[in-house]
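Residue-level listing of the chains:
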Amino acid sequence: MYEYFYELTGNTILSTLIVAIFPLLNVLIVALIGVYLERKVSARIQDRIGPNRTGPFGLFQTIADFVKMLQKEDATAKDIDSKLYNIAPVLVFTGSFAVYAAIPFSSKLIGSEVEVGLFYVIAISSLVVGGILMAGWASNNKYSLLGAMRSAAQIISYEIPTAIIVLSIVMITGTLSLDKISNMQTAYFWNWNILGGAEFGLTKFLLIPFMIVGFIIIFISTLAEVNRTPFDIPEAESELVAGYFTEYCGMKWAMFMLSEYGNMFAVSAIVSILFFGGYHSPIGYLGNSLGIEWLIPFEQAFWFLAKGWTFILIQIWLRWTLPRLRVDQLMSLCWKYLIPYAFVNLIVIGIILLL
Amino acid sequence: MREYFRNTWLGIYTVLVGMKITFKHLFTPAVTIQYPEVKLKLPERERNRLYVNMDDCIGCDQCSRACPVNCIEIETVKSIPGEDLGVTSNGKKKALWVTKFNIDFAKCCYCQLCVFPCPTECIYMTDVFEFSEYNRNDLIYKFATLTEEEAKEKRINFEKFTAEKEAQKTAAAAKLKEDQKTAS
Ligand code: SF4
Ligand code: SF4
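What counts, and where the lines are drawn
Residues numbered from 1 in each chain as written. Chains lettered and ligands numbered in written order. Predicted model: local features only at pLDDT ≥ 70, side-chain atom pairs only at ≥ 80, totals over all residues. Heavy atoms only, no water. Helix = DSSP H or I, 4+ residues; strand = E, 2+ residues; numbered from the N terminus. Rg over C-alpha atoms; globule rule 2.2 N^0.38 Å. Buried < 20%, exposed > 50% of the residue type's maximum accessible area, 1.4 Å probe, protein only. Contact = heavy atoms within 4.5 Å. Areas by Shrake-Rupley, 256 points an atom, 1.4 Å probe, with all protein chains shown as cover. Buried area = accessible area lost by both parts, 1.4 Å probe. Salt bridge = Lys/Arg side-chain N within 4 Å of Asp/Glu carboxyl O. Polar contact = N/O pair within 3.5 Å; in protein donor to acceptor, adjacent residues only side chain to side chain. Nonpolar A, V, L, I, M, F, W, Y, C, P; charged D, E, K, R; others polar. Expected span 1.5 Å × (residues − 1). Near = heavy atom within 4 Å. Axes fitted to C-alpha atoms, helices over the stretch in contact; angles between N-to-C directions. Parallel < 35°, antiparallel > 145°, perpendicular 65-115°, else oblique.

### As for the overall build of chain B
Broken down by element type, chain B carries three helices and five strands. N-terminal to C-terminal, the α/β element order of chain B is α-β-α-β-β-β-β-α. For chain B, the C-alpha radius of gyration of 33 Å lies well beyond 16 Å, the compact-globule estimate for 184 residues. For chain B, the spread of C-alpha atoms along the principal axes amounts to about 130 × 35 × 35 Å. Expressed as a percentage of its 184 residues, the buried residues of chain B come to 28%. Taking all contacts inside chain B whose residues are at least 6 apart in sequence as the whole, residues at least 24 apart take part in 75%. Accessible area of chain B: about 13500 Å², with a carbon and sulfur share of 56%.

And the structure:
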């Protein structure tokens, strides 16, 4: 993608910017459709109808909300630390948006094919914690500070099981590059990591149950890392108003929301790359069988988005099913359950791979 | 140790049960009523906006006196002999012109206390409940059927009539005095 635009424009900065627009568009679309879906799904689950006045089926509701947000006055409280206060939303959004640099949308649409993509993703997404802490501290509000503290504790704890599961995937694939991990699971769905990887043999069948356990653990812990219900204690509406972004309004508030939905898609993408073949089709390519080369990247993008959206839908479904965890339950789930299981999983996978 | 695995299993199992329930509800039809388009039938004895049937009102002021918040304002003028005001539907003869009958629904608490004392059952609750206004004064409903001029006319008529009566009375009194004088 980058090379193509580089040839077209002959300018590194311009072509980089053009390539960066695609993930940005993706984040915006995810936020627009995600909020709409969230409202619709929650309404359906609670036997309501949901938005249905703005446009057909209420489709323009989020657009109307966005326009409203743009028009809002940027009101700030008096005693805030205005420097930190203004940086925080940008930092949070940067953290969640920078993840997209290493995510392969299709074989032709990758921001950067770094060899340590997985490592980069895990590292850069921790930037969000800093932003959240800043927002909470700078707002000079008890609720915000409580939310930020909880969030920091939660994100840091849940990074451990995520990292351990990622480690076991790295052991199987032998690479940190997200593109290469995707490519190892190419062609058909039985090559997916959740079904034991591409290599056929005894190890494949032995691996399946442990990969499923690994998937469940990483799904739970990534859910916690993006502060989604049932792990939404940092922004628990019913007890902390809105947590760390209580004092924000207008576009700054929208940045937090945008980064939340951007994060949702990012973790869905990571999980689908690690376990569900990334951008590869589960049933072979139409472009291959028809002999049309240029169709394949589009198909890949389609499959990637489809997988990402599936996980987003599951996240929404979970959100409207489960009540929020208490802080102590949250911590005991992470330290007493997820981490031991993840460790055992890692060791067993190591032994299986040695066989 | 067994407790530990039991907890794990219970955690996963209960989440799945919950997800199954919410999934089922995803496809059950919504119970929402699309209010302005679809309206529920109101209960039989609902209390909403009052209505006064002025054809039957005899201007007895009983409703106004029963009202706990004094939101009914009634002014009446006596009729003069020779004016026929008609009868109410239950056969009572009307004797008063109702020149003013205002109900202020901004004050009304919909207690229905005004409805029961009415001797002709002409003030009652309707099923209209959507009558919000931007101006509070628009909530004062005027039920009197007489126009300003008519009301004025009736008042003048009555004043004339009382003045005449008064004159007659004084004339009669004067005559009486004169008679007494002559008699003595
Ligand atoms: S309903 Fe109650 S408050 Fe309203 S006018 Fe009648 S007596 Fe007064
Ligand atoms: S009680 Fe009935 S008849 Fe008497 S003034 Fe009120 S509405 Fe008219």
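Additional details are given in the paragraphs that follow.
### Things to note about the interface of chain B and chain A
In this complex, chain B contributes 18 residues to the contact, which on the side of chain A involves 18 residues. Around 1700 Å² of area is buried between chain B and chain A when both sides are counted, 59% of it from carbon and sulfur atoms. Among the residues chain B hides against chain A, the three largest losses belong to Tyr4(B), Met19(B) and Leu26(B). Together they make up 32% of the total. Taken together, chain B and chain A are joined by one salt bridge. A salt bridge links Arg53(A) to Glu37(B), with the nearest nitrogen and oxygen atoms 3.4 Å apart. On inspection of chain B and its partner chain A, the count reaches 14 residue pairs in polar contact (both at pLDDT 80 or more). Of the residues contributing to the side of chain B that touches chain A, the split by class is nine nonpolar, eight polar and one charged.

### What about helix 6 (residues 127–138) of chain A?
All names here are of chain A. Spanning 12 residues, helix 6 covers 17 Å between terminal C-alpha atoms, matching the ideal 16 Å at 1.5 Å per step. Considered for burial, the residues of helix 6 that qualify are Val128, Val129, Gly131, Ile132, Ala135, Gly136 and Ala138. Looking at the buried side of helix 6, the elements it contacts are helix 4 (82–98), helix 5 (117–125), helix 7 (142–173) and helix 11 (250–275). The first or second residue beyond helix 6 is asparagine 140, which carries a positive phi of 60°.

### Some details on the site of ligand 2
Close to ligand 2 lie 14 residues; Cys57(B), Cys60(B), Asp61(B), Cys63(B) and Cys118(B) are nearest. A per-class count over the shell around ligand 2 returns 10 nonpolar, three polar and one charged.

### Things to note about the packing of helix 9 (residues 202–225) of chain A against helix 11 of chain A
All names here are of chain A. With their axes 10 Å apart at the nearest point, helix 9 and helix 11 run at an angle of 170° to one another. By the angle between their axes, helix 9 is roughly antiparallel relative to helix 11. Across from Met211, Gly214, Phe215, Ile218 and Thr222 in helix 9, the residues of helix 11 making contact are Val267, Val271, Leu274 and Phe275. In terms of residue class, the contact of helix 9 with helix 11 is made up of seven nonpolar, two polar and no charged.

### What about the site of ligand 1?
As a structural note, the neighbourhood of ligand 1 is formed by 14 residues, with Cys67(B), Cys108(B), Cys111(B), Gln112(B) and Cys114(B) the closest of them. Counted by class, the shell around ligand 1 contains 13 nonpolar, one polar and no charged residues.

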